Amino acid sequence: MIALHDVSFGYAGTERPALSRVNLEFQPGEFSLVCGATGSGKSTLLRILNGLAPHFTGGSLSGSLVIDGEDVTGSKPHELASLVGFVNQQPESSFVSDTVKQELVYGMEQLGFKRDKMTDLLKHVAKLLEIENLLDRPLSWLSGGQQQRVAIASALAAGQKILLLDEPTSALDPEAAAEIVGVLKSLAHQHGITVILVEHRIERVIELVDSVVIVANDGLVTKGGYEQFENYHLVPPVIGLSTELSWSPITVSVSAAKDNWNQSPGSWKPLVNEHLSEAVAMDVKDLSVSYEELDAVSKVSFKVHTGEVVALMGKNGSGKSSVLWAIQGGGKRSTGSVKTQFGDPKSLSAAERLCVLTLVPQKAADLLFLNSLADELSESDKFAQLTDSGTSKIFESLTGRLDPKIHPRDLSAGQQLALVLALQLVKGAGILLLDEPTRGLDYAAKRSLAKQIRALRKEGKSVLVASHDVEFVALVADRVLELESGKLVSDKLAADALGVGASHPTQISQITGVPGLLTLSQVEAVQK
Amino acid sequence: MAKRFTASAASPLSWWLLAITMAVVAGVSQSALTQILVCSASLIAILMFREEAPWSRSVKFYLFLAGFVVIARVLFRIAFNIQNPEDTTALNLPGFSINLGFGPPVELFGAVSVEALSSGATDGLRLAAIILSIGMASSLANPRTLLKSTPSALYEIASAISVAINLAPQMISSLQRVRKARSLRGRSKGLGSMAGTVIPVLEDAIDSSLSLAASMDSRGFGRRGNLSKSLVLAARLSSLMAVGFLSVGSFALLVGQTQTLGWVFIAIGIFATFASIRINSKSQIRTRFEPVKLQFFDALILSLSALLLIAAILGWFE
């Protein structure tokens, strides 16, 4: 269906090629996963397949691209539109219409389909993606999962045989993500569509895909099966466990790993419950947030102790962000109070709050605005009235030393987050609020963020982190709060909330079935 | 109670046409009354018809810009003051004379006449009226729907247009997010902090506009059939003529010295536009699932625009 011959790609102004001499083939009806570190050429690879690279991204392309037996090297995206459907990371940013129906027919209109044919195809694709009952809805009313379905449907409406998706589940909670991945599998295996998916969170798709493409940082690309994950560092816990215990062949599915574990369970150490302070750092009482007619948060009360990491979990739209912003004081708060050592943050000025608590928003890069790392760090010192370079000390303790001349936008997502943490903590805030910090981070970056958070905890900071990333939460949290439609429905120790029998167990607890065993780091490696 | 009309009851093209007509009226008119009428009509339309949408949050920005232009114009008149002995003096400020080392010395301030003040205010009001009428269109017209109705004749610049049309509303929502983020760093939300917000806001707005354009292109926007080489050349020439004559024509009208020539140029420009669209649509393959129907509200807006345009040509506003 698709063949790439000796394809190389480089962006202008960089020496390192994003992709170098790539030879790949994809069969009709193949479901393929493309993975690689953040900043590797995996998105570029996807964009080459429909002409967005180089026509929209810039850069230079060599080699040839054959789709459906035809050499289409150098074609523009609209010339490939009838063959290839493309779905972006954020569907809402690519919608062109007001209602679902208009959005679905948009592509067919551009390709000049007759009305009758459009009606037929519209029905067909709506049925395929199970969105028949949404056709007359405005796009802005849809949930994240529904939006993603509409985006996929509109990419396939004109009968495209190839579907490309760039991190389609990154903004979705686990349930919605699992549904979308199931839909993709049936598109490939029952309807013969070639589905190529770029995804960071391998565990969400790994059991369903036919092949794996790995894009290395030097631009080399390999395609094959699961065996590629041996000695690969960006893997989910299930594969990590397989490697640690030297299972052969490598195990990627939770159910296969379960069997292996039952045959020869590994040894493990219990969770170390470091002594928790009894002192309350933050006391949230009856917090409510309502926007016009919608109650986003209703009467939420909880405490966070000194030196404790608390995770706030829940589906998209359950009110996690609203809770964080309402606590911080910059967001809307309808009723309720937050008690800290220095009073309620709502009553403090923006600058005073930074001495008490600090919030890192979903798009951490919004907080950066100068042209070099050095400028950001020294501006921060000046703002905090520090004479020594306190900000760089925090930053270096988080990530190590980096070239001070580098532009903050050129840092990796993980390094940007560390920089923002340093800037936000320099005034000595004891309470840290994090909103979905793992979005867009690969496994390695997530692990290093978890380490940073644990280090801050050791210094006595209290952390409240909103996330629906179960594995990440298991690495950092002492306690887990769960929100459902704005209400606090559970408040448990991490071992209970993420362990055996919980509603969202970690992969390791699913595999081992051992209470108190949550993360890979607890399992002791077996030498080969 | 009858259903209230909101902005989306009419096509975005109608809003833009009305806005352009109002801007033309404001441009040709010499009377302050007309300018004030145009300003208030724009504001009333925004307040009456706007919907809860990201692009309708830009009103404050346009109002600020309009106010700034009026004040700047008047201040300019006071500072760079050309005195005419026949005028009545309104303000008697001490005059300065600055010698720049070349040319005659520059006279600043001095006795400011009523006439200078009022002509400064009228000039400022004219620009303000144009700004507000464009502001009306961009607050009321859904940029995405407008983009969808872009004739494929304009394809050669369509990607650029799609980025541009989407940029202003996108910038406003980016601005709101970045300001919120900045307040997290304890920085003020005031105007002084604008410098720091420009980079992230622009970057964000351009990124998202580009991603929209990329998505449209991926779905076939810009597809066309084949045209012979000579037709392609003719289409390009007529597009070029259209843009050229329309700009020179509007300039002539705004400057006000050569009204007839201005109208002639605009007429040629409009003719060239139609020619270009006509030739290009031969290569058009785009179809419509639901044919665009002229709504009652559209008809109302379009006839209002036509009336305004005729009145402007007949010189009622001068």
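Criteria and cut-off values
Residues numbered from 1 in each chain as written. Chains lettered and ligands numbered in written order. Predicted model: local features only at pLDDT ≥ 70, side-chain atom pairs only at ≥ 80, totals over all residues. Heavy atoms only, no water. Core = buried A, V, L, I, M, F, W, Y, C linked by side-chain atoms within 4.5 Å. Buried < 20%, exposed > 50% of the residue type's maximum accessible area, 1.4 Å probe, protein only. Helix = DSSP H or I, 4+ residues; strand = E, 2+ residues; numbered from the N terminus. Contact = heavy atoms within 4.5 Å. Pairing = 2+ DSSP bridges. Axes fitted to C-alpha atoms, helices over the stretch in contact; angles between N-to-C directions. Patch = residues over 30% accessible without salt bridge, like charges linked within 9 Å, V, L, I, M, F, W, Y side chains within 5 Å. Areas by Shrake-Rupley, 256 points an atom, 1.4 Å probe, with all protein chains shown as cover. Salt bridge = Lys/Arg side-chain N within 4 Å of Asp/Glu carboxyl O. Buried area = accessible area lost by both parts, 1.4 Å probe. Polar contact = N/O pair within 3.5 Å; in protein donor to acceptor, adjacent residues only side chain to side chain. pLDDT = per-residue confidence, 0-100.

**Q** Can you walk me through the nonpolar core in this structure?
**A** Across soluble globular proteins, you tend to see nonpolar side chains buried next to one another. Residue and element names in this part refer to chain A. Membership of the largest hydrophobic core comes to 74 residues, with the highest contact counts inside it found for Leu 104, Ile 152, Leu 163, Leu 184, Leu 187, Val 195 and Phe 229. Of the residues forming this core, the biggest block, eight residues, is contributed by helix α7 (residues 174-191). Those residues within four positions of Ile 152 in sequence are excluded, and the remaining contacts are Val 87, Leu 129, Leu 163, Leu 165, Ile 180, Leu 184 and Leu 187. One finds Val 323, Leu 419, Val 420 and Ala 477 within the second-largest nonpolar core, a separate group that totals 69 residues.

**Q** For this particular structure, what's the right way to read helix α10 (residues 320-328) of chain A?
**A** Residues that lie three or four places apart on an α-helix share one face, since the helix turns once every 3.6 residues. Residue and element names in this part refer to chain A. The element α10 is extensively covered by neighbouring structure, given that eight of its nine residues are classed as buried. Of all the positions in α10, only Lys 320, Ser 322, Val 323, Leu 324, Trp 325, Ala 326, Ile 327 and Gln 328 are classed as buried. Residue Gly 329 follows α10 closely and has a positive phi angle near 105°.

**Q** Just to check I follow, could you spell out the sheet that holds strand β14 (residues 335-340) of chain A for this structure?
**A** Pairing between the strands of a sheet is mediated by backbone hydrogen bonds and can be parallel or antiparallel. Residues and elements named next belong to chain A. The strand order β12-β11-β14 describes an open sheet built from three strands, whose pairing is antiparallel. Two strands close off the open sheet at either side, each with one partner strand: β12 (294-305) and β14. Neighbour-to-neighbour, the strand axes of the sheet open up by a mean angle of 10°, direction not taken into account. In this structure, strand β11 (residues 280-291) lies alongside β14, joined through five bridges in antiparallel fashion. Among the inter-strand pairings, Met 282 is bridged to a residue of β14, identified as Thr 340.

**Q** Any chance you could explain a nonpolar patch on the surface here in plain terms?
**A** A cluster of nonpolar side chains, B:Met171, B:Val198, B:Ile199, B:Leu202, B:Ile206 and B:Leu210, forms an exposed patch at the surface whose accessible area comes to about 420 Å². By relative accessible area, B:Met171 is classed as partly exposed at 30%.

**Q** Just checking my understanding: could you explain the interface of chain A and chain B for this structure?
**A** How big an interface is tends to be reported as the loss of accessible area on association of its parts. Across the contact, 55 residues belong to chain A and 42 residues belong to chain B. Each partner contributes to the roughly 4,300 Å² buried at the junction of chain A and chain B, and carbon and sulfur atoms together form 52% of this total. The tally of links from chain A across to chain B stands at three salt bridges. Counting across the interface, chain A meets chain B through 11 residue pairs in polar contact (both at pLDDT 80 or more).

**Q** Help me understand the confidence of the model for chain B in this model?
**A** Close reading of the predicted structure is inappropriate where its pLDDT is low. Residues and elements named next belong to chain B. Summary statistics for chain B give a mean pLDDT of 79 and a share of 86% for residues scoring 70 or more. Per-residue pLDDT, averaged within each element of chain B, yields its smallest value for helix α6 (residues 155-184) (71) and its largest for helix α2 (residues 32-49) (90). The ipTM assigned to the predicted complex is 0.80, against a pTM of 0.80.

**Q** Could you clarify how one ought to interpret the environment of B:Thr287 in this entry?
**A** Tracing the backbone through its elements, the reader meets B:Thr287 in the loop between α9 (259-281) and α10 (296-314). For B:Thr287, a relative accessible area of 21% corresponds to the partly exposed category.

**Q** Just checking my understanding: could you explain unusual backbone geometry for this structure?
**A** Most peptide bonds adopt trans geometry, and most residues besides glycine take a negative phi value. Residue and element names in this part refer to chain A. The omega angle of the peptide bond from Ala 53 to Pro 54 is 0°, so this bond is cis rather than trans. With respect to the helices, strands and loops of the structure, Pro 54 is situated in helix α2 (residues 52-55). Of the consecutive residues Ser 248 and Pro 249, the connecting peptide bond is found in the cis state with omega at 0°. Tracing the sequence through the fold places Pro 249 in the loop between α8 (237-244) and α9 (254-263).

**Q** Quick question: what am I supposed to make of the pairing of strand β18 (residues 479-484) of chain A here?
**A** Consecutive residues of a regular strand have side chains that alternate between opposite faces of the sheet. Residue and element names in this part refer to chain A. Of all the six residues making up β18, five are buried; the element is thus mostly covered by neighbouring parts of the structure. As paired elements, strand β13 (residues 309-313) and β18 share four bridges and run parallel to each other. Counterpart to Met 313 in the pairing with β18 is Glu 482. Between β18 and strand β19 (residues 487-493), which follow one another and run antiparallel, lie two residues, and Ser 485 among them has a positive phi close to 45°.

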